[in-house]
Amino acid sequence: MTHKTVKVGGLTRVEGEGALLVRARDGRIQDLELRIYEPPRFFEALLRGRFHTEPPDITARICGICPVAYQMSACQAIEAACGAEVTGPLRDLRLLLYYGEWIESHTLHVYLLHAPDFLGYDSGIAMAADHRDLVQRGLALKKAGNDLVAAVGGRPIHPVNVRVGGFYRVPSRRELAPVAERLRRAREIALETVSWVAGFDFPEVEHGYRFLALRHPGEYAILSGAVVTSDGGSFAVREWPEHVTEEQVPHSTALHARLDGSPGYLVGPMARYSLNSAQLSPLAREAAAAAGLGPVCRNPFRSIVVRAVEIVHACDEALRLIDDLAEPDTPYVPVEPRAATGHGASEAPRGTLYHRYRIDAGGVIREADIVPPTSQNQARIEADLRHLIEPRLDLPEEELAALCERAIRNHDPCISCSAHFLDLHVDAR
Amino acid sequence: MSTPGDIVVIGLGGDGRGDDAAGLEVVRRLRGLVPPAVVLVESAGDPAQLVEAWTGARLAVVIDAVSSGAPPGAVHRPAGVEGGPSWHGSSHSFGLADAVDLGRALGRLPARLVVIGIEGADFTIGAPTTPPVLSAIDALARELEQRLRQESA
């Protein structure tokens with residue numbers, strides 16, 4: 001009888017802190033646990049007793065990479081509870097801000113976290129030493145996203161201009177003009193990025209994913225929409241608690257999510273693309289086709305191509321919005337509290353992010369619930385790893401550990417968000 | 001006479017995590033008090049943003065909260081980034097050391113990089129800044145205001 005234990009005790013190039021433990025016997029995996037061992041951040045508890053106007057600022061601090069996602073889901077949940085709706089130019093400005101965050105976050109992952117896996121480097125920094133021009137190009141693309149977030153959100157990290165009902169101050173067309181100029185160059189870089197990553201050598205792996213994403217009738221859903229799944233399911237965001245449940249697992253401080261009782265569904269770029277690719281901008285669709293992506297992507301290693309296509313879409317749509325933007329009459333719509341529960345969901349760069357708040361008549365938050373993308377994907381990432389490595393258990397342990405890390409990075413897990421925290425350790429023996 | 005971007009002051013950290021915001025708070029106190037040529041930046045530690053911020057600068061000052069076991073509010077002034085206290089910059093896996101390595105790899109380090117750390121006491125979610133760290137923030141902001149005026153004269 002042979003035993004094998006692979007420990008990845010310090011995952012690198014993921015957001016946060018976590019570890020992976022695999023135990024195998026006679027060529028079969030017995031245990032596979034993606035361990036998230038940082039303490040939960042208890043943001044939901046922190047929100048109880050605060051006013052209904054506070055969740056956008058408080059929840060933005062859960063993640064330094066995707067604060068806009070937290071702000072957008074929070075705002076929409078509060079507005080739903082209060083019977084308010086943000087439409088027209090104010091909604092367009094929210095979309096614009098969100099596209100900026102997609103550009104920032106996806107570019108960081110594509111250039112500094114994921115590409116080194118395909119080019120044989122331990123880190124983005126090591127890659128930068130040999131491929132200075134490539135990394136400079138990535139930084140220029142990311143900066144266009146930062147500039148957009150700063151122009152609409154007030155600053156490039158933890159935007160301060162967002163409030164329930166809209167914004168504290170609306171940027172003028174004149175202020176957005178230089179941002180648009182940089183976005184035009186960014187769109188070119190994004191197209192070059194798709195061509196670049198499409199040429200990588202991808203392992204021939206496909207998984208039978210059950211995808212979940214938002215779908216909007218008028219756009220490739222990012223800010224809002226109904227929830228749809230690849231097996232034909234569809235439900236309104238307010239029905240989320242009836243379909244998505246979370247459970248504690250012993251090896252992780254992040255909750256595992258189940259969809260209609262079954263674990264292991266996937267949210268994120270591959271899910272969005274596979275469910276909604278027909279709604280990408282024409283330029284992004286052309287880039288996807290030229291990159292060899294079909295209408296559905298089931299190879300997680302190709303997620304880097306999907307992210308690059310989504311960057312093209314974000315640049316393209318942001319430019320269209322700036323060109324068409326009408327200045328709103330007021331920077332925000334009133335959001336008066338009432339005793340009610342509200343649900344909100346949006347597409348964070350890593351996938352669907354759901355918020356629920358129960359507030360009282362005075363606007364005090366009595367309950368808060370946040371379901372981030374990585375906790376939804378955690379069980380599915382474990383399944384990916386199981387399928388990927390069981391036939392390869394004979395590989396040298398160092399090689400196996402490296403493959404596991406790659407498989408985890410395919411999904412760009414933000415463990416800081418999911419445990420409401422992850423650090424990565426690799427210890428193969 | 002300095003031109004914009006010649007001198008950059010970067011506060012690192014995160015709001016809502018007690019003393020983790022010390023670097024951010026120093027930069028916020030300097031707003032409106034330093035010559036317009038001094039660029040003030042608040043950052044969660046994203047290395048790409050730091051490299052962008054200090055590229056072409058004659059002087060970059062980076063202020064971060066640290067946890068080394070020294071008394072709360074102690075101000076650290078290591079000679080270099082390596083070998084100093086544990087520079088973290090954010091709750092993420094990135095930090096100042098990564099930004100320095102990335103800047104070096106790209107040939108985009110400032111001519112002079114000064115790192116200042118403020119020893120924190122409490123990094124709990126939702127905790128307020130502790131009194132000794134508040135005092136250190138105020139004192140450091142006053143000192144930097146003076147020094148930056150001289151540097152940019």
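In the annotation of an unreviewed UniProt entry, the entry for chain B reads Hydrogenase maturation protease, and the organism field reads Microbispora hainanensis.

Chain A is annotated in an unreviewed UniProt entry as Ni/Fe hydrogenase subunit alpha from Microbispora hainanensis. Word for word, the UniProt comment on chain A under Sequence similarities (unreviewed entry) is "Belongs to the [NiFe]/[NiFeSe] hydrogenase large subunit family."

K.L.:
Any chance you could explain the sheet that holds strand β14 (residues 365-371) of chain A here in plain terms?
P.N.:
Pairing between the strands of a sheet is mediated by backbone hydrogen bonds and can be parallel or antiparallel. Residue and element names in this part refer to chain A. Reading across the sheet, the three strands line up as β12-β13-β14 and stay open at both edges, with antiparallel pairing between neighbours. For this open sheet the edge positions go to β12 (340-348) and β14, each flanked by a neighbour on one side alone. On average, each strand axis in the sheet is inclined to that of its neighbour by 15 degrees, with strand direction left out of account. Helix α12 (residues 373-389) rests against β12, β13 (351-359) and β14 of the sheet, and its axis sits at about 130 degrees to β13.

K.L.:
What is the right way to read the sheet that holds strand β11 (residues 262-263) of chain A from this model?
P.N.:
Residue and element names in this part refer to chain A. The strand order across the open sheet formed by three strands is β9-β10-β11, and the pairing between neighbours is antiparallel. Pairing within the sheet leaves two strands with one partner each, and these edge strands are β9 (244-247) and β11. Where β9 meets strand β10 (residues 256-259), four bridges bridge the pair, whose relative direction is antiparallel. Note on β10: the bridge partner recorded for Val244 is Leu259.

K.L.:
Sorry, what's going on with the environment of Glu104 of chain A here?
P.N.:
All names here are of chain A. Within the fold, Glu104 resides in helix α4 (residues 88-119). As a C-alpha pair, Glu104 and Glu397 span 293 residues in sequence and 35 Å in three-dimensional space. Excluding residues within four positions of it along the chain, Glu104 makes contact with Lys142, Gly145, Asn146 and Val149.

K.L.:
I tried to follow the UniProt feature "binding site: Mg(2+)" (unreviewed entry) in chain A on my own but got confused; where do I start?
P.N.:
Residues and elements named next belong to chain A. UniProt's entry tags Glu44, Ile370 and His420 with the feature "binding site: Mg(2+)" (unreviewed entry), counted in the numbering of this structure. Turning to its location among the elements, Ile370 is positioned in strand β14. By the C-beta count within 10 Å, which is 23 here, Ile370 ends up buried.

What counts and what doesn't
- Residues numbered from 1 in each chain as written.
- Chains lettered and ligands numbered in written order.
- Predicted model: local features only at pLDDT ≥ 70, side-chain atom pairs only at ≥ 80, totals over all residues.
- UniProt positions renumbered as here; feature names shortened; annotations may be inferred.
- Pairing = 2+ DSSP bridges.
- Helix = DSSP H or I, 4+ residues; strand = E, 2+ residues; numbered from the N terminus.
- Axes fitted to C-alpha atoms, helices over the stretch in contact; angles between N-to-C directions.
- Contact = placed C-beta atoms within 7 Å.
- Buried ≥ 20, exposed ≤ 12 C-beta atoms within 10 Å, placed from the backbone.

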